[in-house]
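# Overview (structure and organization)
What follows is each chain in one-letter form.
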Amino acid sequence: MRIEEIIKAFKPYKVVEGNYKIWLDKNESPFDLPEEIKDEIFEEVKKIPLNRYPHITADPLRERIAEFLGFEKENIIVGNGSDELISYLLKLFEGEHIVISSPTFGMYNFYAKLEGIKLVDVPLDENFKLQNVEDYAEKAKAIFICSPNNPTGNTQEREKIISVLETGAPVILDEAYIEFAKGSNVDLVNEYENLVILRTFSKAFGLAGIRVGYAVASEEIIDYLLRIKSPFSLNALSMKIAELMLDHYDVIKQNINYIIKERDRIYKEFKDYVYPSEANFLLMKLNAYEFLLEKGIVVRNLSGRLSNHIRVTIGKREENNELIKALNEFLGVK
Ligand code: PMP
């Protein structure tokens, strides 16, 4: 891709900066690690020899994730965020196009554009459910399913996911928000060789700053991915931190329960304007971006089919209280 094409196809990243009080725009966890766990982590991190390269295939972390999920190390690959893994997945499979269902996570489109791959969009229906993506499976390099979906928050039915898998096309099932949902489909990896599950430490685990994501798939697919992955893209510190956090899943689980409770509280408050969600955010039919910003609350402003909608990450109770107050003011309820 030449520079003129890049300028036309890609905009510079938009950085929202400012002295805002409450940040509910990136689907991050509102919880940093408790002080005592941070101390424990730093003690461990101190022992890492920084003059050495990290493990080339991140095996200690792969083993730990595999144990956590009930898979083998050979079924796991870790990346510098799950974003990195999307780019490798697009290089792996034969085919002429990828299939996405908008509105959905923007990075599928981003990497397809970067690789010059044709994008077929089979939009979600009015309830944000998948439509006839199976009809576009032939010659598909990959079919992306995001469940729970960003930015709508809903999940897709297991039967529908199986129906897409039955086409035999490679299916990338993005479960970045799965810890906030009722159930995962990761077990289907045992049955379907064409399934890749994407997961991340950035959301429920509260580790967006360290950039660790992973994929679960058949040994064969993982082997291919490891062959093309940049050798040392994941640094030794991040690997160690992710590993240690898996030993503290009890803390993470508490945070997940807190977020789910808060999500349901906000949902009930604005029922007429909010879509049901199984993620750590809510999609709201409210054109309140600027209004909230003036109150010091940053949320995600959406466009296209979802213009006049906002996506709001669930924060801490006090933050959510301020959000509720501001939105009631916006609606003139008081
Ligand atoms: N998938 C979805 C659906 C996401 O919303 C995000 C983050 N916004 C990611 C993947 C990427 O996560 P990571 O931080 O692991 O790159």
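Note that this is a predicted model, so its numbers are computed, not measured.

### Some thoughts on the domain arrangement of the protein chain
Per the domain assignment, the segments making up the protein chain are domain 1 (3-33 + 250-331) and domain 2 (48-246). When each unit is reduced to the centre of its C-alpha atoms, the spacing between domain 1 and domain 2 is 23 Å. Each partner contributes residues to the interface: domain 1 has 26 residues there, and domain 2 has 30 residues. Between domain 1 and domain 2, a total of about 2,300 Å² is buried, with carbon and sulfur atoms accounting for 63% of that surface. Of all residues in domain 1, Phe10, Glu278 and Arg305 give up the largest surface area on contact with domain 2, accounting jointly for 30% of the area buried on that side. At the boundary of domain 1 with domain 2, the tally comes to one salt bridge. Here Lys182 makes a salt bridge to Glu278, at a shortest N to O gap of 3.9 Å. Between domain 1 and domain 2 we count eleven residue pairs in polar contact (both at pLDDT 80 or more) in total. Listing elements by their share of the side of domain 1 that touches domain 2, those giving two or more residues are α9 (249-269) and β9 (281-284). Tallying contributions element by element places α9 first for the side of domain 1 that touches domain 2, with five residues. Each residue belonging to the side of domain 1 that touches domain 2 can be placed in one class, and the counts come to 16 nonpolar, four polar and six charged.

### Concerning helix α2 (residues 35-46)
Between its terminal C-alpha atoms α2 stretches 16 Å, which fits the 16 Å expected from twelve residues at 1.5 Å a residue. Taken residue by residue, α2 has Ile37, Ile41 and Val45 as its buried positions. For α2, the buried positions fall inside an angular range of 75° around the axis, keeping them on one side. Opposite the buried face of α2, by more than 90 degrees, sit the exposed residues Glu35, Glu36 and Lys46.

### Let's talk about unusual backbone geometry
Here the residue pair Ser147 and Pro148 is connected by a cis peptide bond, since its omega of -5° sits within 30 degrees of zero. On the secondary structure map, Pro148 appears in the loop between β5 (140-146) and α6 (158-165). With omega at 15°, the peptide bond leading from Asn150 into Pro151 counts as cis. For Pro151, the position within the fold is in the loop between β5 and α6. Phi at Phe128 is positive, roughly 60°, even though this residue is not glycine. Considering the arrangement of structural elements, one finds Phe128 in the loop between β4 (118-121) and β5.

### A look at the nonpolar core
If you look at the biggest cluster of nonpolar residues, it comprises 88 residues, and the most contacted ones within it are Ile65, Leu195, Phe201, Val216, Met284 and Leu292. The two domains that each donate at least three residues to this core are domain 1 (3-33 + 250-331) and domain 2 (48-246). Excluding residues within four positions of it along the chain, Leu292 makes contact with Ile297, Val299, Ile310, Leu323, Ala326 and Leu327. Counting 25 residues, the second-largest nonpolar core is a separate cluster that includes Ile77, Met107, Ala142 and Val196.

### Re the pattern of salt bridges
Taken as a whole, this structure holds 24 salt bridges when the rule is applied. Glu157 is the partner of Lys129 in a salt bridge, and the nearest nitrogen-oxygen pair spans 3.3 Å. One end of the pair, Lys129, is in the loop between β4 and β5; the other, Glu157, is in the loop between β5 and α6, and 28 residues separate them in sequence. Judged by its relative accessible area of 41%, Glu157 falls in the partly exposed class. Residues joined in a network through salt bridges with shared partners are Asp59, Arg62, Lys73 and Glu74.

Scoring rules and cut-offs
- Residues numbered from 1 in each chain as written.
- Predicted model: local features only at pLDDT ≥ 70, side-chain atom pairs only at ≥ 80, totals over all residues.
- Heavy atoms only, no water.
- Domains from an automatic or database assignment.
- Contact = heavy atoms within 4.5 Å.
- Buried area = accessible area lost by both parts, 1.4 Å probe.
- Salt bridge = Lys/Arg side-chain N within 4 Å of Asp/Glu carboxyl O.
- Polar contact = N/O pair within 3.5 Å; in protein donor to acceptor, adjacent residues only side chain to side chain.
- Helix = DSSP H or I, 4+ residues; strand = E, 2+ residues; numbered from the N terminus.
- Nonpolar A, V, L, I, M, F, W, Y, C, P; charged D, E, K, R; others polar.
- Expected span 1.5 Å × (residues − 1).
- Buried < 20%, exposed > 50% of the residue type's maximum accessible area, 1.4 Å probe, protein only.
- Arc of directions from axis to C-beta.
- Core = buried A, V, L, I, M, F, W, Y, C linked by side-chain atoms within 4.5 Å.

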